[in-house]
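# Understanding the architecture of this molecule
Single-letter residue listing:
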Amino acid sequence: MLDEQALQVWAERLGFAEAAVQLIRRIRDSAPARRVQGRRGNVRGCFPSRKMGHTIQYESLSNELSAIYLMEYYEADVLEYWDQPPSFPLRYATKTGSPHGHLHTPDFFVLREDGAGWEEWKSAEEMPALAARMPARYVWDNQTGWQCPPGQAYARAFGLSYRVRTSAETHWELQRNLRFLADYWRVDEPARWLSERGRLSVQALVTAQPGSTLQELSHGAQATLDEIYLLLATGEIFVDLCAAPLVQPALVRVYASPVTAHQTQDLPPQRVAAPADRVSVSTLTVGAELSWDGRRWRLLNL
């Protein structure tokens, strides 16, 4: 998370007006506007975020939790993300043209390197029905996908954004790999579990033979597959997490760095994730020490 000085520098760099800065501070200082609800077909829970230093709520494994994995592990431009931010009025015309307004609580408020705003995650399958029922609230745009004009209007008044994101964006191979690597990202003091001989032999092989598979590395290097996964989790070697499942080592190609991967196979920029810092897992069953500070559950053992 940003400290106060970093927040001020970030806001000044992006040219935010004082009203926007005060709104962002209020969101950061507020408890979640609501507790997520367990509904039929949904699984609610709390994700202990190392990036945020407290738990993040979700009520859908395929939408909100997938978004959390992206923001926590993969989207390097995400500085902070806040679940269930304070509600704000959403005003739009009903299907019959009558004015309508209600308080709306989006799923997340996200601070990114180049901006900030609200993000609402929906199932792609439900969007046509929602748009048919509320045509002024949800609009399909062939260039940009689903839009929420009243949400965008509210955000625009502060120089912020409002995005409707759907499960159609979810890259399930990437999600499976991120969830697989969580077991390695949660390892405390990974250096204790890595032999220097194993590290050096893996790095030598991927440097000499960029694109070697995980299976080839596990056979050719003086390192176990677990050690190789730890090196991947700590960013000392690189794979395209969108390309192949990590649980099938024969399909996963390994490089010394994202730059090497680009040079070797012209990997598109959006397929390269910045090496993630070690982060926490997706459930509270890993012995995390928690403390309620009156607003959120805070992690004590980071």
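In this report, we go over the structure that sits alongside the text. (Residues numbered from 1 in each chain as written. Predicted model: local features only at pLDDT ≥ 70, side-chain atom pairs only at ≥ 80, totals over all residues. Heavy atoms only, no water.)

## Section: the overall build of the protein chain
The helix and strand tally for the protein chain stands at 10 helices and 14 strands. Looking at the protein chain residue by residue over its 302 residues, the buried ones come to 49%. Residue pairs at least 24 apart in sequence account for 62% of intrachain contacts in the protein chain once pairs closer than 6 positions are excluded. (Helix = DSSP H or I, 4+ residues; strand = E, 2+ residues; numbered from the N terminus. Buried < 20%, exposed > 50% of the residue type's maximum accessible area, 1.4 Å probe, protein only. Contact = heavy atoms within 4.5 Å.)

## What to know about the sheet that holds strand β10 (residues 161-166)
Taken together, the four strands give an open sheet; going across it, the order is β3-β6-β7-β10, and neighbouring strands pair in mixed fashion. Two strands lie at the open edges of the sheet, namely β3 (78-83) and β10, each paired on one side alone. Ignoring which end each strand starts from, the neighbouring axes of this sheet average 25° apart. Across five bridges, the pairing between strand β6 (residues 108-112) and strand β7 (residues 115-122) is antiparallel. Its bridge partner being in β7, R112 is matched across the sheet by G115. (Pairing = 2+ DSSP bridges. Axes fitted to C-alpha atoms, helices over the stretch in contact; angles between N-to-C directions.)

## Observations regarding helix α1 (residues 4-14)
When α1 is considered as a whole, its buried residues turn out to be L7, W10 and A11. One face of α1 carries all of its buried residues, which in axial projection span an arc of 95°. In α1, those exposed residues whose orientation departs by more than 90 degrees from the buried face are Q5 and E12. On the buried face of α1, the contacting elements are α2 (18-29), β3, β6 and β7. (Arc of directions from axis to C-beta.)

These figures capture arrangement, not role.
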